[in-house]
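The lines below spell out each chain.
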Amino acid sequence: MIDNRIPLIETVDLKKNFGKLEVLKGISEKIYKGEVVCIIGPSGGGKSTFLRCLNLLEVPTSGKVIFEGDELDEKKTDLNLHRQKIGMVFQQFNVFPHLKVIDNITIAPVKTKKYTKEQAEAKAKELLAQVGLSDKEQEYPRKLSGGQKQRLAIVRALAMEPDVMLFDEPTSALDPEMVKGVLEVIQKLAESGMTCVIVTHEMGFCRKVADRVLFIDDGVVAESGTPDELFDHPKNPRTQEFLSQVL
Amino acid sequence: MGKGIFEVLFEYWPIFLRGLAGTLEYSFIAVTLGSILGAVVAVIHLSKNKFVSFIASVYVNVLRGTPLLVQMYISYYFLPMAFPVLNKIDKIYFVMFALILNSSAYVAEIIRSGINAVDSGQTEAARSLGMTKGQTMLRIVLPQAIKNILPALGNEYIAMVKETSLAGTFMLYELMYTRTILANKYLVWQPQMIIAGIYLIVTLVLSFGVKKMEKRLSVSD
């Protein structure tokens, strides 16, 4: 259920420059607990940068990111503690090649002292079973396919029991036959009530899972609405043009 | 021509052995201490603070951009002159000092490029899980960087085995110094050939070791 009393994540006039290039030109958005938000838009429009600002992997040039009531960019905020509550999944998986599958999952919970090694391993096994990777537990990631790596990356983030999951084009680097399995895992997660922010080019998937869709173009949220509103009745000519190219 | 090579080797082998021991010892000390110092320099070099990073890059560039022999002369003659307190210290340490500093500059670059070669996505993934900078470096980046660093450190040791030959100029008992000893016995060309042979054997053996290590590291992913 979406709880829209207080936002889980709020951005206030978020701006980000890379040198002279203005990538984000002021985005103010609220994401509520339980909400599934998909972000679509043309490449280079700022979708990924916006997502990466939400856990401060990119430090905004100006504006605020407020997570669970705390402003993330303030000195007194313990960013590491907040990041433990914000799971992130990357386009390039970024699994740890030098660690076995199980250790990929347990390293963060153990090192951040969230769990003991035994607790973390029990939790990891449970999660691996859920995504069909139980038999890979003792393998190194190089033995996994792209789709398996991405499922491992999702499980690794879930092991920290985050309050929100950020997905940065999670299927863009996958072979076509691997996409479905990964999307199914994300869909299950979204349906279980996990708050998700998903940058994606998979329009069908977006339509299926999203409560709300943001169309980000040229550094601003050019249009937002429910999937039906945005896909069937886009108001902004830029949205119309984009959708006509991708659908 | 006088005596043959094998005759000289047979007669004076303890001298060559002692020289070889010195060479291996000095290069080991130089690379080991140089590695510790080099790791510190590398970390400083990787700092986000531009000024701090600049200081490390000056250090590296000066030491790599000037000949080791010059650095040895400066250390050996100039340091005690500038700081008379240092006169009490055995001169051998000034030569070692130059060797260690020189090695640290090369090692710093080895470590820095080894760390830089690890995909930045690894750091991002670790930080996004809430791991601290230190944990990320220690648990995620360094274990992957070590694969690039260890073989390169082995090569630095091989290079240092040859570089220490300059220490003989300052009367440190290493392989090249045996040449000076035996020259007093009117033996010139034989010791030189023997020394060249020993250097070649040692570096070939060490290179073989480094290659084996490289292979092993690439398997244990």
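Residues numbered from 1 in each chain as written. Chains lettered and ligands numbered in written order. Predicted model: local features only at pLDDT ≥ 70, side-chain atom pairs only at ≥ 80, totals over all residues. Heavy atoms only, no water.

Novice: Would you take a moment to explain the environment of Cys206 of chain A for this structure?
Specialist: All names here are of chain A. As for its position among the elements, Cys206 is in helix H7 (residues 203–209). Measuring from C-alpha to C-alpha, the distance between Cys206 and Val37 comes to 8.7 Å, with 169 residues separating the pair along the chain. Excluding residues within four positions of it along the chain, Cys206 makes contact with Cys38, Ile40, Thr200, Val213, Pro227 and Phe231. (Helix = DSSP H or I, 4+ residues; strand = E, 2+ residues; numbered from the N terminus. Contact = heavy atoms within 4.5 Å.)

Novice: For this particular structure, what's the right way to read the pattern of salt bridges?
Specialist: Side chains carrying opposite charge are able to pair once their charged atoms draw close together. Residues and elements named next belong to chain A. Applying the stated criterion across every chain, the model contains 16 salt bridges over all chains. Of the charged contacts in the structure, one is a salt bridge between Glu74 and Lys76, with a shortest N-O distance of 2.7 Å. We classify Glu74 as partly exposed; its relative accessible area is 30%. For Lys125, the salt bridge goes to Glu137, with nearest N and O atoms at 3.8 Å. Of this pair, Lys125 sits in helix H4 (residues 117–130) while Glu137 sits in the loop between H4 and helix H5 (146–158), and the two are 12 residues apart along the sequence. Among the residues examined, Lys125 registers a relative accessible area of 40% and is labelled partly exposed. (Salt bridge = Lys/Arg side-chain N within 4 Å of Asp/Glu carboxyl O. Buried < 20%, exposed > 50% of the residue type's maximum accessible area, 1.4 Å probe, protein only.)

Novice: Please clarify how a nonpolar patch on the surface should be interpreted in this entry.
Specialist: All names here are of chain B. On the surface, Phe51, Phe54, Ile55, Val58 and Val62 cluster together into a nonpolar patch covering about 500 Å² of accessible area. When you line up the elements, Val62 lands in helix H2 (residues 50–65). You can call Val62 partly exposed: its relative accessible area is 48%. (Patch = residues over 30% accessible without salt bridge, like charges linked within 9 Å, V, L, I, M, F, W, Y side chains within 5 Å. Areas by Shrake-Rupley, 256 points an atom, 1.4 Å probe, with all protein chains shown as cover.)

Novice: Is there a simple way to think about unusual backbone geometry in this case?
Specialist: Most peptide bonds take the trans form, and the phi angle of most residues other than glycine is negative. All names here are of chain A. Unusually for a residue other than glycine, Glu68 sits at a positive phi of about 50 degrees. With respect to the secondary-structure elements, Glu68 resides in the loop between strand E4 (62–67) and strand E5 (70–71). Despite not being glycine, Lys113 has its phi angle at roughly 65 degrees, a positive value. Considering the arrangement of structural elements, one finds Lys113 in the loop between helix H3 (101–111) and H4.

Novice: What should I look at first to understand the nonpolar core in this one?
Specialist: Across soluble globular proteins, you tend to see nonpolar side chains buried next to one another. Residue and element names in this part refer to chain A. Ile40, Ile154, Met165, Phe167 and Ile198 are the most contacted members of the largest nonpolar core, which has 47 residues in total. With 7 residues, the top contributor of residues to this core is helix H6 (residues 176–191). Once residues lying within four places of it in the same chain are set aside, the contact partners of Ile154 are Val89, Met165, Phe167, Val182, Val185 and Ile186. Counting 37 residues, the second largest nonpolar core, distinct from the first, contains Leu14, Leu51, Val164 and Leu166. (Core = buried A, V, L, I, M, F, W, Y, C linked by side-chain atoms within 4.5 Å.)

Novice: Whenever I open this one, the interface of chain A and chain B confuses me. Can you help?
Specialist: With 24 residues of chain A at the interface, the matching set in chain B holds 19 residues. Remark: the boundary between chain A and chain B carries 1 salt bridge. There are 7 residue pairs in polar contact (both at pLDDT 80 or more) connecting chain A and chain B. For the side of chain A that touches chain B, the elements supplying multiple residues, two or more each, are helix H2 (79–83), strand E6 (86–89), H3 and H5 of chain A. Per-element tally for the side of chain A that touches chain B: the top contributor is H3 of chain A, with 3 residues. (Polar contact = N/O pair within 3.5 Å; in protein donor to acceptor, adjacent residues only side chain to side chain.)

Novice: Is there a simple way to explain the sheet that holds strand E8 (residues 195–199) of chain A in this structure?
Specialist: Two strands in a sheet stick together by hydrogen bonds in their backbones, pointing the same way (parallel) or opposite ways (antiparallel). All names here are of chain A. Spatial ordering of the open sheet is given by E6-E7-E8-E3-E9-E10, a layout of 6 strands whose pairing is mixed. Each edge of the sheet is formed by a strand with only one pairing partner; in this case those strands are E6 and strand E10 (220–225). Direction aside, neighbouring strands of the sheet carry axes that sit 20 degrees apart on average. Here strand E3 (residues 36–40) runs beside E8; their pairing, made up of 4 bridges, is parallel. Its bridge partner lying in E8, Val37 is registered against Val197. In this fold helix H9 (residues 237–246) packs onto E3, strand E9 (212–217) and E10, with an angle of close to 95 degrees to the strand it touches most, E9. (Pairing = 2+ DSSP bridges. Axes fitted to C-alpha atoms, helices over the stretch in contact; angles between N-to-C directions.)

Novice: Would you take a moment to explain the packing of helix H1 (residues 5–45) of chain B against helix H6 (residues 133–163) of chain B for this structure?
Specialist: Helix packing geometry: the angle between the two helix axes and the distance between the axes. All names here are of chain B. One can describe the packing of H1 onto H6 by two numbers: an axis separation of 9 Å at closest approach and a directional angle of 135 degrees. In terms of orientation, H1 and H6 fall into the oblique class. In the crossing of H1 with H6, the sense of the turn from one axis to the other is right-handed. Facing Thr23, Leu24, Ser27, Phe28, Ala30, Val31 and Ser35 of H1, the residues of H6 in contact are Leu153, Glu156, Tyr157, Met160 and Val161. Here the contact of H1 with H6 is built from residues that sort into 8 nonpolar, 3 polar and 1 charged. (Parallel < 35°, antiparallel > 145°, perpendicular 65-115°, else oblique. Left-handed = near helix turned anticlockwise from the far one by under 90°. Nonpolar A, V, L, I, M, F, W, Y, C, P; charged D, E, K, R; others polar.)

Novice: In this structure, what is going on with helix H5 (residues 120–128) of chain B? I would like to understand it.
Specialist: Count 3.6 residues to each turn of an α-helix, and residues three or four apart come out pointing the same way. In terms of burial, H5 of chain B is a largely internal element, 7 of the 9 residues being buried. Among all positions of H5 of chain B, only Gly121, Gln122, Glu124, Ala125, Ala126, Arg127 and Ser128 of chain B are buried. For H5 of chain B, the elements touching its buried residues are helix H1 (47–54), H2, E6 and H5 of chain A together with H6 of chain B. Count one or two residues on from H5 of chain B and you reach Gly130 of chain B, which has phi positive near 95 degrees.

Novice: It is not clear to me how the packing of H5 of chain A against H6 of chain A should be interpreted in this structure. Could you clarify?
Specialist: Residue and element names in this part refer to chain A. Between H5 and H6, whose axes approach to 8 Å, the crossing angle comes to 20 degrees. Taken as axis vectors, H5 and H6 run roughly parallel relative to one another. In this structure, the crossing between H5 and H6 has a hand that is right-handed. Of the residues in H6, those touching H5 at Gly147, Gln150, Arg151, Ile154 and Leu158 are Met178, Gly181, Val182, Val185, Ile186 and Leu189. Grouping the amino acids of the contact of H5 with H6 by side-chain chemistry returns 7 nonpolar, 3 polar and 1 charged.

Novice: Honestly, the environment of Glu184 of chain A in this entry has me stumped. Any pointers?
Specialist: Tracing the backbone shows Glu184 of chain A in helix H6. Between the alpha carbons of Glu184 of chain A and Phe205 of chain A there is a distance of 9.3 Å; along the sequence they are 21 residues apart.

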